[in-house]
Protein chains: 2
Amino acid sequence: MNSDADIGGLFAPERVAVVGATERTGSIGAAILRNLDDFAGEVVPVNPSRDTVFGEPCYPDVGSVPDPVDLAVVVVPPPVAVDAVRGAGEAGVQNVVVITAGFSETGTEGAQREQALRTVAAEYDLNLVGPNSLGVLSTPPGLNATFGPSNALPGSLSFMSQSGAFITAVLDWANDQGIGFKDVVSLGNKAVLDESDFLAHWRDDPETNVVLGYLEGVEDGRSFIDTAREVTQETPVVVVKSGRTEAGADAASSHTGTIAGSEAAYEAAFEQAGVVRAENVQELFDYARALDGLPIPDSERVGVVTNAGGPGVMATDAVGDSRLSMASFTDGTLSELEATMPEEANIYNPVDVIGDADIERFETALDTVLADDNVGCAIVISAPTAVVDFGELAAAIADRQAEHETPVVACLMGGERTDRAAELLSEAGIPNYFDPARAVSSLDALAVQREVEARSYEAPASFDVDRERAREILVDGAERGATRLGVEAMDILDAYGLPTPDSELVDDQAAAVSAAASIDGDVVMKIVSPDILHKSDIGGVAVGVPQSEVADTYETLVTRARNYQPDATILGVQVQEMVDTDAGTETILGMNRDPQFGPMVLFGLGGIFVEVLEDTSVRIAPVSGREAGEMIDELDSAPLLRGARGRASADEAAIEEAIQRLSQLVTDFDAILELDVNPLLATADGVQALDVRLTIDPDEL
Amino acid sequence: MNSDADIGGLFAPERVAVVGATERTGSIGAAILRNLDDFAGEVVPVNPSRDTVFGEPCYPDVGSVPDPVDLAVVVVPPPVAVDAVRGAGEAGVQNVVVITAGFSETGTEGAQREQALRTVAAEYDLNLVGPNSLGVLSTPPGLNATFGPSNALPGSLSFMSQSGAFITAVLDWANDQGIGFKDVVSLGNKAVLDESDFLAHWRDDPETNVVLGYLEGVEDGRSFIDTAREVTQETPVVVVKSGRTEAGADAASSHTGTIAGSEAAYEAAFEQAGVVRAENVQELFDYARALDGLPIPDSERVGVVTNAGGPGVMATDAVGDSRLSMASFTDGTLSELEATMPEEANIYNPVDVIGDADIERFETALDTVLADDNVGCAIVISAPTAVVDFGELAAAIADRQAEHETPVVACLMGGERTDRAAELLSEAGIPNYFDPARAVSSLDALAVQREVEARSYEAPASFDVDRERAREILVDGAERGATRLGVEAMDILDAYGLPTPDSELVDDQAAAVSAAASIDGDVVMKIVSPDILHKSDIGGVAVGVPQSEVADTYETLVTRARNYQPDATILGVQVQEMVDTDAGTETILGMNRDPQFGPMVLFGLGGIFVEVLEDTSVRIAPVSGREAGEMIDELDSAPLLRGARGRASADEAAIEEAIQRLSQLVTDFDAILELDVNPLLATADGVQALDVRLTIDPDEL
């Protein structure tokens with residue numbers, strides 16, 4: 001990311017130099033020049049071996065161009081591409097698109113070349129797109145600096161893609177569908193500018209209504225979340241992130257060399273950033289069109305007006321599958337419908353105006369439904385009948401929608417007869433689908449965006465913790481040469497305010513007895529050795545030890561450890577308060593680091609819930625209070641924390657606080673690579689961390 | 001269902017009478033006559049008040065038509081419709097379509113009218129479609145006996161729909177898409193003929209390749225499963241069952257008055273019957289087209305050939321989401337691709353022939369991939385480029401697919417430029433989609449059908465059971481006036497070969513002592529009273545009773561029961577062998593009756609798994625061995641029966657047998673309305689039913 005740079009010049013240059021301009025048929029240089037034919041500004045060919053290109057004077061390098069160049073498009077072969085970019089930089093060009101391929105996507109030599117490109121870009125503070133890019137495009141100035149076969153129609157969608165071929169396919173298809181764009185950028189290898197830069201740019205672009213992305217990975221996870229979170233508060237961002245599945249991630253890696261973070265991390269990051277995630281191409285454009293053309297609904301309750309019972313039921317099913325719900329009409333609406341609809345009509349939602357409904361009846365029903373305060377959005381469905389002209393119905397729908405400022409999606413179901421109607425609707429921003437399920441899915445995207453815009457950003461809490469003490473424990477471990485710490489590191493949790501049982505690490509019998517004496521009642525004793533990972537398995541844990549047996553137990557545990565592994569380093573024995581685990585629910589609070597997104601906090605119920613049912617929730621740290629609450633809500637097993645089957649309800653506020661404190665700990669220390677509090681006992685009165693394991697990287701301390 | 005009747009005459013009549021024929025503009029009678037214009041046979045108008053209709057001689061009733069009528073289409077008003085049908089029956093007409101509405105969908109009077117219609121149909125053994133039907137249509141004889149606005153193109157899909165409006169929408173759209181039909185029927189109220197009749201008919205129709213259905217419910221669940229199971233072995237059946245969700249079911253009920261069975265029952269029934277279930281309209285036709293045009297694959301392993309990396313990754317993701325998997329190529333394939341593809345190409349699956357690929361390179365790659373034995377089906381993806389003509393690529397794909405007889409789906413991605421290619425592909429039976437996910441989803445439908453056709457039908461096992469003893473226990477209960485039986489009914493399970501602990505119901509202290517003596521070790525004692533449902537709650541269960549305390553415990557239990565409810569009927573105390581539940585996993589085996597499908601057997605792990613996580617599997621009884629195995633496989637918690645987390649693996653064969661024996665019990669006795677074996681303890685050595693509750697209907701005994 002080239003943070004804070006103004007990259008607007010990429011999309012609104014006055015003078016564009018094509019470095020590597022040529023007339024050769026089939027060449028990329030010629031294709032770009034042809035695509036630039038309609039550009040409102042000036043196009044300058046640059047090529048040292050030509051005097052003119054397509055009749056225009058050609059310059060040997062960018063520095064020789066008499067007037068200032070705002071954008072250089074580089075298409076020269078890879079060995080000279082870096083020099084060409086340097087030349088542009090020297091000439092004072094701020095914006096460069098490197099079309100040339102043969103960089104990091106092709107192996108070691110290419111990777112070195114890409115590093116050189118990055119260095120040059122940094123030296124001249126260039127806004128550099130690519131390399132290995134199809135180019136950039138912006139419709140207001142008629143700029144098509146791509147070598148693709150199609151131009152874009154004007155519109156208010158801005159689109160970034162990590163696949164250039166996908167852009168060519170999308171533009172060809174979108175032209176046919178009447179879908180237009182503001183800006184399009186092929187991200188290429190993202191050597192300098194990445195998705196976060198474009199997100200930040202389009203946030204401030206009044207001509208961009210919706211941002212679309214095809215991504216196979218993000219460059220910098222943290223900056224993506226921080227940037228996207230702000231953008232999505234105002235401008236919807238819809239993304240297909242591919243490489244979701246294991247097979248897909250392998251394919252993406254061989255496609256662009258992307259080493260993607262885990263799917264769980266992306267899922268969490270998109271959720272936290274308010275990105276509307278599309279699973280496939282159809283959803284990408286269905287969501288984008290709805291978000292572009294329609295207002296955000298006041299609620300997720302849908303009203304349906306149909307002249308066909310079956311499709312009305314299908315729409316209702318799709319609503320049931322979505323986050324939407326069917327609106328319950330007010331008594332006023334029901335009386336009104338009863339008064340105006342024929343007897344055979346169904347006045348309850350979905351409203352069936354029946355097969356002989358004319359436009360007027362449709363209008364009356366739609367007007368009544370849209371006026372209902374319980375209705376946040378609506379779907380109008382019509383099968384073809386002799387009494388309904390789809391064009392007239394489309395006009396009526398567009399009118400009603402404009403008047404009520406409530407989002408409406410149409411299902412005028414048919415073939416060619418719907419074409420004109422679909423166009424009319426499209427002009428009003430209203431999508432039309434044959435399949436009621438797609439209409440519902442579009443409204444669902446609006447509901448997601450509604451939830452995102454309603455969020456008030458809450459900075460992660462900063463608790464008063466003893467960071468120094470935590471550091472000391474980590475440093476102590478590192479100095480011992482340990483990379484894995486166990487129960488001896490419980491004090492780290494204590495330092496960060498996570499409740500732990502009374503406990504002391506002792507290294508002789510007498511100290512054990514005295515430690516136990518300071519604890520009321522029976523105790524738990526655990527051998528502490530960095531060389532013994534599974535201490536239970538070797539009999540290294542004694543539970544319910546009476547005070548009188550503490551001394552003997554100390555010896556027994558140490559002897560067992562010695563017998564198990566004579567050369568094991570034994571740090572001593574942890575003498576711990578006995579906690580009644582039956583008094584609560586065992587949960588797991590953990591963290592690992594994602595290559596793209598950094599520390600990822602995990603919460604779930606212990607045992608089978610994590611291991612067999614994989615019922616866990618994940619967020620990228622730092623985790624806010626709202627997000628910690630969502631982590632509990634998302635679990636299928638959440639009812640077990642809420643009194644299901646006669647259990648005591650756990651103190652959810654305490655769990656949320658524990659999640660946030662752990663999040664603070666792992667954000668503070670990059671040296672903590674992995675951490676598991678297992679179990680974190682959740683009771684009605686709070687939580688207690690009963691054991692911990694962590695892995696550290698001493699180099700980060 | 002009108003079983004065994006030959007209903008072919010509905011679709012292939014020689015002479016059709018339109019009863020209620022008229023020339024009046026906007027009337028249904030006139031619309032049908034107009035739609036019948038292209039009919040290859042003869043159309044005879046019938047209307048007592050006219051001499052001619054549209055210039056054709058008109059007869060007062062069907063009986064007056066001089067030549068035999070094969071099909072009567074009835075459009076007269078409801079009050080005279082039943083008489084019109086009777087007239088047709090008297091005249092020897094076998095096939096009748098009642099278009100007229102105003103029957104069971106409109107209230108009591110209508111329901112009576114529908115009953116009268118049913119009676120007349122039975123009297124004359126009529127194949128009656130409707131009432132409240134849009135009509136029937138069959139393309140080979142040019143028969144369009146509907147009042148819809150569109151006719152159908154010829155094709156090999158046969159389509160039945162419970163929504164007439166949906167048919168009008170589909171035909172209009174399908175004509176535009178070039179999708180053709182063999183037969184179409186609007187089922188209407190299904191007074192006589194229902195979905196099972198048409199399934200059975202189309203099974204034997206060589207011109208029908210795929211059956212499509214839009215259903216809101218099925219009339220007779222058992223007959224549907226039995227019929228569909230046979231049909232789907234040869235002819236794919238794709239169904240949208242709407243009213244899947246609670247809101248959808250309510251909407252369906254108000255649409256057609258359908259009282260649907262539970263969604264769980266439909267899900268199980270479709271699975272058992274081999275029906276390919278579509279969730280929405282798009283899937284319905286995507287699946288149908290793939291099943292119509294393409295061969296069934298040899299395996300579910302997909303090869304992908306693409307000139308665009310991004311869309312290749314998208315396809316791979318979609319494969320990861322489906323039941324398909326990405327094929328691993330043989331070494332031979334890899335060498336061949338390495339030899340023939342350029343260096344920058346990716347020869348692993350998805351094969352990326354890269355952006356400059358021409359038709360020849362596509363052909364070579366596709367040929368190589370399709371020749372690989374590991375490849376069961378394939379997807380060809382192309383973004384628009386200067387070197388690929390989509391028409392030529394389409395022809396090449398069609399050629400390769402025909403030669404290799406392996407299903408191929410295309411994603412030639414673009415707008416208008418794909419139109420001709422899509423047509424060419426369509427003629428070869430190959431669907432083309434812009435979205436790779438839809439291509440994958442089509443192949444997924446083929447994989448479902450492959451699994452269905454590979455099934456060998458296995459009749460449910462018939463175990464040697466003591467049916468008479470089970471009946472006696474039920475009758476005893478009924479004679480006591482009980483509708484709920486508890487542990488006293490354990491012998492019913494025993495009679496059906498479900499293992500139960502040693503146990504005896506006793507009604508005095510001495511008998512208790514002697515019963516306990518015949519059991520080794522401590523015993524469990526439970527109060528038995530039809531008036532005390534939750535015996536644990538009142539202290540009515542004693543666990544781990546030593547032989548010496550049996551007499552006292554007997555008194556204690558009876559006293560507690562008396563104190564709790566002085567007038568309770570106390571049948572005695574069950575003295576049961578003590579079973580160590582920690583030695584196994586507690587499961588639940590249950591049954592309830594679905595209004596449409598009858599006895600529905602449920603299996604799951606006990607406690608939170610059923611109650612909180614709702615992790616259960618369901619099949620309609622009788623359940624076969626294969627199906628019982630699937631019931632275990634489907635559980636998310638299945639690993640807990642298979643040794644997860646150090647548990648002993650349960651004896652799955654014993655569980656499967658228990659499921660089948662329970663299935664036999666509830667199939668034998670309609671009087672058992674509900675039954676729960678809870679827990680059924682599953683250990684490594686078998687299963688044991690530890691408790692039972694059932695609800696009976698004495699009238700069914």
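Residues numbered from 1 in each chain as written. Chains lettered and ligands numbered in written order. Predicted model: local features only at pLDDT ≥ 70, side-chain atom pairs only at ≥ 80, totals over all residues. Heavy atoms only, no water.

An unreviewed UniProt entry annotates chain A as acetate--CoA ligase (ADP-forming) originating from Halolamina salina. Per UniProt, chain A has the following entry under Catalytic activity (unreviewed entry): "acetate + ATP + CoA = acetyl-CoA + ADP + phosphate". (UniProt positions renumbered as here; feature names shortened; annotations may be inferred.)

In terms of helices and strands, chain A carries 22 helices and 30 strands. Projected onto the principal axes, the alpha-carbon positions of chain A cover approximately 95 × 80 × 40 Å. Looking at chain A as a whole, 59% of its 701 residues qualify as buried. Within chain A, residue pairs in contact and separated by at least 24 positions form 71% of the contacts whose partners lie at least 6 positions apart. Within the structure as shown, chain A displays about 26,400 Å² of accessible surface, and the carbon and sulfur contribution to it stands at 43%. Across chain A, the mean location of the 42 positive side-chain charges is 3 Å away from that of the 121 negative side-chain charges. (Helix = DSSP H or I, 4+ residues; strand = E, 2+ residues; numbered from the N terminus. Buried < 20%, exposed > 50% of the residue type's maximum accessible area, 1.4 Å probe, protein only. Contact = heavy atoms within 4.5 Å. Areas by Shrake-Rupley, 256 points an atom, 1.4 Å probe, with all protein chains shown as cover. Lys, Arg positive; Asp, Glu negative; His and termini not counted. Charge placed at Lys NZ, Arg CZ, Asp CG, Glu CD.)

Looking now at the UniProt feature "domain: CoA-binding" (unreviewed entry) in chain A. Listed under "domain: CoA-binding" (unreviewed entry) in the UniProt record, and renumbered for this structure, are residues 10–103 of chain A. Helix makes up 22% of residues 10–103 of chain A and strand 23%. Its end C-alpha atoms lie 21 Å apart.

Our focus in this paragraph is the domain arrangement of chain A. Residues and elements named next belong to chain A. What the domain assignment reports for chain A is domain 1 (8–290), domain 2 (294–454), domain 3 (467–472 + 481–577) and domain 4 (582–700). Here the C-alpha centroids of domain 3 and domain 4 sit 23 Å apart. In this complex, domain 3 contributes 25 residues to the contact, which on the side of domain 4 involves 19 residues. Summing both sides of the interface, domain 3 and domain 4 together bury roughly 1,900 Å²; the carbon and sulfur share of this comes to 61%. Applying the counting rule to domain 3 against domain 4 returns 3 salt bridges. (Domains from an automatic or database assignment. Buried area = accessible area lost by both parts, 1.4 Å probe. Salt bridge = Lys/Arg side-chain N within 4 Å of Asp/Glu carboxyl O.)

Here we take up helix H4 (residues 164–177) of chain B. Between its first and last C-alpha atoms H4(B) spans 20 Å; for 14 residues at 1.5 Å apiece the expected length is 20 Å, and the two agree. Looking at the buried side of H4(B), the elements it contacts are helix H10 (309–321) of chain A together with strand E8 (135–138), strand E10 (153–161), strand E11 (180–186), strand E12 (210–215) and helix H9 (281–293) of chain B. The N-terminus of H4(B) is capped by B:Ser163, whose side-chain oxygen sits 3.1 Å from the backbone nitrogen of B:Phe166. Within two residues after H4(B), B:Gly178 carries a phi angle of roughly 75 degrees, on the positive side. (Expected span 1.5 Å × (residues − 1). Polar contact = N/O pair within 3.5 Å; in protein donor to acceptor, adjacent residues only side chain to side chain.)

A word on the sheet that holds strand E24 (residues 572–577) of chain A. Residue and element names in this part refer to chain A. Ordered in space as E21-E24-E22-E23, the 4 strands form an open sheet in which the pairing is antiparallel. Two strands lie at the open edges of the sheet, namely strand E21 (503–506) and strand E23 (541–545), each paired on one side alone. Direction aside, neighbouring strands of the sheet carry axes that sit 20 degrees apart on average. With 4 bridges connecting them, E21 and E24 associate as antiparallel partners. Bridge pairing in E24 links Leu 505 to Gln 574. Sitting on the sheet, helix H18 (residues 509–517) touches E21, strand E22 (523–528) and E24, and the angle it makes with E21 is about 175 degrees. (Pairing = 2+ DSSP bridges. Axes fitted to C-alpha atoms, helices over the stretch in contact; angles between N-to-C directions.)

Next up on the list: the nonpolar core. One finds A:Phe181, A:Ile397, B:Phe181 and B:Ile397 to be the most contacted residues of the largest nonpolar core, which totals 186 residues. Among all residues touching A:Ile397, those that are not within four sequence positions of it are A:Leu366, A:Val380, A:Val408, A:Ala410, A:Leu412, A:Leu425 and A:Ile430. In this structure, A:Tyr496, B:Met490, B:Met591 and B:Ile659 belong to the second largest nonpolar core, which totals 104 residues. (Core = buried A, V, L, I, M, F, W, Y, C linked by side-chain atoms within 4.5 Å.)

Take the relation of the copies chain B and chain A next. You can overlay chain B on chain A at an RMSD of 0.1 Å; the transform is a turn of 180 degrees with a shift of 0.1 Å along its axis. When the rotation and shift are considered jointly, the pair of chain copies conforms to a two-fold rotation axis. (Least-squares fit on C-alpha atoms with pLDDT ≥ 70 in both.)

A separate point is the sheet that holds strand E24 (residues 572–577) of chain B. Residues and elements named next belong to chain B. With respect to topology, 4 strands assemble into an open sheet ordered E21-E24-E22-E23, the strand pairing being antiparallel. Where the open sheet ends on each side, the last strands, each with one partner, are strand E21 (503–506) and strand E23 (541–545). The average angle at which neighbouring strand axes cross in this sheet is 20 degrees, direction not considered. Of the strands in this sheet, E21, strand E22 (523–528) and E24 touch helix H18 (residues 509–517), which is tilted by about 175 degrees from E21. Each of E21, E22, E23 and E24 is contacted by helix H19 (residues 550–564), which is oriented at about 30 degrees to E22, the strand it contacts most.

Moving on: the interface of chain B and chain A. With 67 residues of chain B at the interface, the matching set in chain A holds 67 residues. Approximately 5,000 Å² of surface area, both sides summed, lies buried where chain B meets chain A, with 65% of it carried by carbon and sulfur atoms. Of all residues in chain B, B:Asp317, B:Phe434 and B:Arg645 bury the most surface against chain A, accounting for 11% of the area lost on that side. At the junction of chain B and chain A, the tally comes to 21 residue pairs in polar contact (both at pLDDT 80 or more). For the side of chain B that touches chain A, the secondary structure elements donating two or more residues are H4, helix H7 (246–256), H9, helix H10 (309–321), helix H15 (436–454) and helix H20 (608–611) of chain B. No other element matches the 10 residues that H10(B) contributes to the side of chain B that touches chain A. Per-class residue counts for the side of chain B that touches chain A are 31 nonpolar, 20 polar and 16 charged. (Nonpolar A, V, L, I, M, F, W, Y, C, P; charged D, E, K, R; others polar.)

On inspection of all chains with the given rule, the structure shows 27 aromatic pairs over all chains. A ring pair is formed by A:Phe166 and A:Tyr214, whose centres lie 5.3 Å apart and whose planes are at 55 degrees; its orientation type is tilted. Of this pair, A:Phe166 sits in helix H4 (residues 164–177) while A:Tyr214 sits in strand E12 (residues 210–215), and the two are 48 residues apart along the sequence. Measuring from centroid to centroid gives 5.8 Å for B:Phe198 and B:Trp202, while their planes differ by 40 degrees, and the two rings are tilted. Of this pair, B:Phe198 and B:Trp202 both sit in helix H5 (residues 195–203), 4 residues apart, which is roughly one turn of the helix. Among the residues examined, B:Phe198 registers a relative accessible area of 0% and is labelled buried. (Phe/Tyr/Trp six-rings, centres within 6.5 Å; stacked < 30°, edge-to-face > 60°.)

Once that is clear, we can look at the environment of A:Val120. Residues and elements named next belong to chain A. Summarising the element assignment, Val 120 is placed in helix H3 (residues 108–124). In the structure, Val 120 is positioned 270 residues away from Phe 390 in sequence and 59 Å away in space, judged by C-alpha atoms. Not counting residues up to four positions away in its chain, the partners in contact with Val 120 are Val 82, Val 85, Arg 86 and Leu 126.

Remember that side chains alternate between the two faces of the sheet whenever the strand is regular. All names here are of chain A. Along strand E18 (residues 377–382), 6 of the 6 residues are buried, which leaves the element largely enclosed by surrounding structure. Along E18, one buried face is formed by Cys 377, Ile 379 and Ile 381 and the opposite face, lined by Ala 378, Val 380 and Ser 382, is buried too. Where strand E15 (residues 301–306) and E18 come together, 5 bridges link them in parallel fashion. Among the inter-strand pairings, Val 304 is bridged to a residue of E18, identified as Ile 379. Bridge count for E18 against strand E19 (residues 408–412) is 5 bridges, and the pairing is parallel. Counterpart to Val 380 in the pairing with E19 is Ala 410. For the crossover from E18 across helix H13 (residues 390–404) to E19, the handedness is right-handed. (Right-handed = clockwise from strand over helix to strand, strands pointing away.)

Moving on, we come to the side chain of A:Asn189. Residues and elements named next belong to chain A. Along the polypeptide, Asn 189 turns up in the loop between strand E11 (180–186) and helix H5 (195–203). The exposure class assigned to Asn 189 is buried, which follows from its relative accessible area of 14%. Polar contacts involving the side chain of Asn 189 include one to the side chain of Asn 132, which spans 3.1 Å.

What follows is about the packing of helix H11 (residues 331–340) of chain A against helix H12 (residues 359–371) of chain A. Residue and element names in this part refer to chain A. Where H11 meets H12, the closest approach of the two axes is 9 Å, and the angle between their N-to-C directions is 170 degrees. Judged on the interaxial angle alone, H12 and H11 are roughly antiparallel. Where H11 approaches H12, its residues Thr 333, Glu 336, Leu 337 and Thr 340 are matched on the opposing element by Thr 364, Ala 365 and Thr 368. For the contact of H11 with H12, the per-class residue count stands at 2 nonpolar, 4 polar and 1 charged. (Parallel < 35°, antiparallel > 145°, perpendicular 65-115°, else oblique.)

Our focus in this paragraph is the pairing of E24(A). All names here are of chain A. Most of E24 is tucked away: 5 of the 6 residues are buried. As paired elements, E22 and E24 share 6 bridges and run antiparallel to each other. Considered in E24, the bridge of Lys 526 is made with Gln 574.

This part covers the pattern of salt bridges. All told, the structure shown has 80 salt bridges over all chains when counted by the stated rule. Linking A:Asp286 and A:Arg438 is a salt bridge whose minimum nitrogen-to-oxygen distance equals 2.8 Å. One end of the pair, A:Asp286, is in helix H9 (residues 281–293); the other, A:Arg438, is in helix H15 (residues 436–454), and 152 residues separate them in sequence. Close ionic contact of B:Glu634 with B:Arg619 constitutes a salt bridge, the shortest N to O distance being 2.5 Å. Of the two residues, B:Glu634 is situated in the loop between helix H21 (625–633) and helix H22 (652–668) and B:Arg619 in strand E27 (residues 616–620); the sequence distance between them amounts to 15 residues. Residue classification places B:Arg619 among the buried positions, given a relative accessible area of 2%.

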